[in-house]
Amino acid sequence: MTKTPPASIESIYHSLASYYPDADKSLITKAYSMAQQAHAGQKRESGEPYFVHPVEVAAILVDMKLDIASIVTGLLHDTIEDTSMTLEIIKQEFSVEISELVDGVTKLSKITFKTTEEKQAENFRKMIIAMAKDIRVIFVKLADRLNNMRTLEFMSQAKQKIIAQETLDIYAPIANRLGMSSIKMELEDLCLRFLHPDIYYKIAQKISKTKKERELFTEEVTHIIDEKLREYDIIALVTGRAKHFYSIYRKMERRKLEYEQIFDIIAYRIIVESITECYKALGVIHAAYKPIPGRFKDYIAIPKANSYQSLHTSVIGPHGERIEIQIRTQEMHLVAEGGIAAYWKYKEGKFDSKQSGNIAWVDRLLEWHKALQDPNEFLETVKIDLFAEDIFVFTPKGEIKQLPHGATPLDFAYAVHTDVGHHCTGARVNGKMVPLRHRLKSGDSIEIETSALQSPSKDWLKIVCSSRAKAKIRSVIKTQERQRAGILGKELLDKALRTTGTSLNKQEKIDVLQQLAEKHSFSSTEDMYRAIGYGKIAPENMLDIKPPEPTTMEKIFRSATHKSDTHSIIQVAGIDDVLIRFARCCTPLPGDTITGFITRGRGVTVHTAQCTKTLDMDPDRRIDVAWANQGLIKRHVRTRIVATDEPGLLATLSHLISSSGSNITSALVRTTKDRKAILLFDLEVTSTIQLQKMMTTLESHKDVISAERVHI
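Quick caveat, the model's predicted, so the values are computed rather than measured. (Residues numbered from 1 in each chain as written. Predicted model: local features only at pLDDT ≥ 70, side-chain atom pairs only at ≥ 80, totals over all residues. Heavy atoms only, no water.)

### A look at the packing of helix H1 (residues 9–17) against helix H3 (residues 52–63)
Here comes step 1: The interhelical angle for the contact between H1 and H3, taken along N-to-C directions, is 10 degrees, at an axis separation of 9 Å. Taken together, H1 and H3 sit at an angle that is classed as roughly parallel. Where H1 abuts H3, its residues Ile12, Ser15 and Leu16 lie against Val55, Ala58, Ala59 and Val62.
Here comes step 2: Broken down by class, the residue content of the contact of H1 with H3 amounts to 6 nonpolar, 1 polar and no charged. (Axes fitted to C-alpha atoms, helices over the stretch in contact; angles between N-to-C directions. Helix = DSSP H or I, 4+ residues; strand = E, 2+ residues; numbered from the N terminus. Parallel < 35°, antiparallel > 145°, perpendicular 65-115°, else oblique. Contact = heavy atoms within 4.5 Å. Nonpolar A, V, L, I, M, F, W, Y, C, P; charged D, E, K, R; others polar.)

What follows is the structure, given as structure tokens:
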């Protein structure tokens, strides 16, 4: 990557003047001086003075065209954590506003996402609250992360991968959601550089090799397009540039192509003066060059969720090559590059939140934060909202509804109203009846049919993809499960009481049941009934009744359970003598973070903490489980390896797997037209550590493109 000279106070002032000429620079000067003094003597991993980092962060914020308070925060953002400066000093020397921004960024800096699901969910909650309170906090954090990514080469390889993966999982999607495409693209390219350096440098080499030829071709095509537009009196700025590395990598991965097989490496942009001229320019392009069917997108009439507006089309260009073209106004271009930051208004340096649809996204996250108590469900909901690309569909009255890509009529029904979703029986899309699992496209018009007799089922969770629909369906299912467990618990407790000569009705009249609930630490009798119904506690144990002698068959069954390998490596909190089984949906391995769910009559089912199937279950059924005697048992796991198809590949990979101590129980191999081999191995391993070491060994082989664990 090209090294740029470090930022200075002079370069910050110069850039600031380009968009805020009347800015009062005194606060920036003061913050610069105080931060320089506070960080005196501190060094970065590169050996350069630490103070270089906050200055670079401030420079990035100026490039985003942010206000004075944000720039000052960028200069001071590490002082609370790393120096003797306090928030009280910042409040006195600057303002309450700046001290709150610095405090918000400091709290975000302490967040780590490589932890347990509960902790990760809690960290997301903190981030969302900070963003909702003042969106500028996340701007500063993105600038901080971008500068850290630019200097990541000085960290250890292990830290590089952890930070790059977190950036790719969390910060690049946030930048995308806020419409900050330039930040998002640079973060993604840097992540690719440190996560897959071989692929990154391979793409860089290929692009560099064809640079001169590509520049000549781009210059020629932009000139031809410009001439075509001028024929119709359209004055435009026409540019072309290679797509960023990560988007090329994604296209190679998605389509299983080599670099040489991708023809639309260059994207062309036409910037005109008005919306009318956008459509005129589109007409000129489509008249001159053959459009590729299905590749036209009108994001001007229906903007993306992050406020992005542009016309997108792909055509067979001047030399018979496929080219992508974006057409937009100058204002649209500023929003496309800077996203929500482009909505800052510098009259009095205030942010005009009314003009930004991105705030609605943050508000939606805040709504989920308040509504969803289960950390796993909350985490999945946030990630759906964070990563989803949106489509826009219409109600019969022409009202626009925004849904995630892949949405179905059932998602649409829940977007209209919760009750419409709950009672949905069918749908018409563009006047035709379709199944509920039909995938919607932008521009579809949907009409929902309902019935008062209809209610949600678990199968619906396989159909919907929107966070709203999933949350509403899960809520109904969990309520139904809890009601059934409560009824069953009551019946079981009544049955146990009758063996002592009394009954549930008699005990209810003299408040004995409430006392019994309190004795066993239940907040109410209803909680007690549910716990009994789920099998968390036996009514005989609560009443100190000696359980009946087990039958011969029960003795044989329990003996078999005790002898099982599963039982010997799993500890269940507070429960002995229980049947334990592993969920097939996620196949937990020793070393995975795990959670247990009780099902009456089926014992405890162990899932990985990340398994999405657990989100559909009532949290009241959850029970703590832990690994015991790890390494005593071999567990099955499936791996998927993509490699270049070479003679002897299967034998080589089989040898690498067996030499790692793993046993192959089955193998499935297929090849693709572009000389790739896809291999599915079912293996026996003792832990995630053994599996990870084996994966690292496989990925280091020259012919292996990727190796991953997949669920059976």
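### Structural notes on the pattern of salt bridges
Here comes step 1: Summed over all chains, the structure comprises 22 salt bridges.
Here comes step 2: Across the salt bridge formed by Arg145 and Glu166, the nearest N and O atoms sit 2.8 Å from each other. Of this pair, Arg145 sits in helix H9 (residues 136–150) while Glu166 is found in helix H10 (residues 157–177), placing the two residues 21 residues apart along the sequence.
Here comes step 3: The class for Glu166 is buried, based on a relative accessible area of 11%.
Here comes step 4: The residue Arg193 makes a salt bridge to Glu153 at a minimum N-O spacing of 3.7 Å. Placement of Arg193 in helix H11 (residues 181–195) and of Glu153 in the loop between H9 and H10 is noted, with a sequence separation of 40 residues between them. (Salt bridge = Lys/Arg side-chain N within 4 Å of Asp/Glu carboxyl O. Buried < 20%, exposed > 50% of the residue type's maximum accessible area, 1.4 Å probe, protein only.)

### Some details on the sheet that holds strand S18 (residues 622–623)
To summarise the sheet geometry, strands pair through backbone hydrogen bonds and adopt either a parallel or an antiparallel arrangement.
Here comes step 1: The 4 strands are arranged S15-S17-S16-S18 in an open sheet whose pairing can be described as mixed. Whereas interior strands pair on both sides, the edge strands pair on one side only; in this sheet they are strand S15 (580–582) and S18. (Pairing = 2+ DSSP bridges.)

### A word on unusual backbone geometry
The phi torsion of most residues other than glycine is negative, and most of the peptide bonds are trans.
Here comes step 1: The phi dihedral of Asp233 falls on the positive side, at around 60 degrees, and the residue is not glycine.
Here comes step 2: Backbone geometry at Asn430 places phi at a positive 55 degrees, although glycine is not the residue there.
Here comes step 3: Counting through the fold element by element, Asn430 comes out in the loop between strand S11 (424–429) and strand S12 (432–434).

### Some points on the sheet that holds strand S20 (residues 635–644)
Here comes step 1: Across the sheet, 4 strands lie side by side as S21-S22-S20-S23; this open sheet has antiparallel pairing. The sheet terminates laterally at strand S21 (663–671) and strand S23 (704–710), the two strands that pair on one side only. Neighbouring strand axes in the sheet, compared pairwise and without regard to direction, differ in orientation by 20 degrees on average.
Here comes step 2: Of the strand pairs in this sheet, S20 and S23 are connected by 6 bridges, and their pairing is antiparallel. Bridge assignment links Val642 to a residue of S23, and that residue is Ser706.
Here comes step 3: Packed on one face of the sheet, helix H28 (residues 649–659) meets S20, S21, strand S22 (676–685) and S23 and runs near 25 degrees to S22.
Here comes step 4: Packing of helix H29 (residues 688–699) onto the sheet brings it into contact with S20, S22 and S23, and relative to S23 it is tilted by some 160 degrees.

### Considerations on the packing of aromatic side chains
Here comes step 1: Inspection of every chain in the model, using the stated rule, returns 6 aromatic pairs.
Here comes step 2: Between the aromatic rings of Phe582 and Trp627, the centroid separation amounts to 5.8 Å while the plane-to-plane angle is 25 degrees, which identifies the pairing as stacked. Of this pair, Phe582 sits in strand S15 while Trp627 sits in strand S19 (residues 625–627), placing them 45 residues apart in sequence.
Here comes step 3: Looking at Trp627, the relative accessible area reads 14%, which means it is buried.
Here comes step 4: Of the aromatic side chains, those joined through ring pairs into one cluster are Tyr200, Tyr201 and Phe245.
Here comes step 5: Seen from the ring of Tyr13, Lys25 lies directly overhead, with NZ or CZ sitting 6.0 Å from the centre.
Here comes step 6: Above the plane of the ring of Phe582 lies Arg635, whose end atom (NZ or CZ) is 3.9 Å from the centre. (Phe/Tyr/Trp six-rings, centres within 6.5 Å; stacked < 30°, edge-to-face > 60°. Lys NZ or Arg CZ within 6 Å of the ring centre and 35° of its normal.)

### Brief notes about H3
Here comes step 1: With 12 residues, H3 should cover 16 Å at 1.5 Å per step; its first-to-last C-alpha distance of 17 Å lies within 8% of that length.
Here comes step 2: The buried count for H3 comes to 10 of 12 residues, which makes it a mostly enclosed element.
Here comes step 3: If you check which residues of H3 are buried, you get His53, Pro54, Val55, Glu56, Val57, Ala58, Ala59, Ile60, Leu61 and Val62.
Here comes step 4: Residue Lys65 follows H3 closely and has a positive phi angle near 65 degrees. (Expected span 1.5 Å × (residues − 1).)

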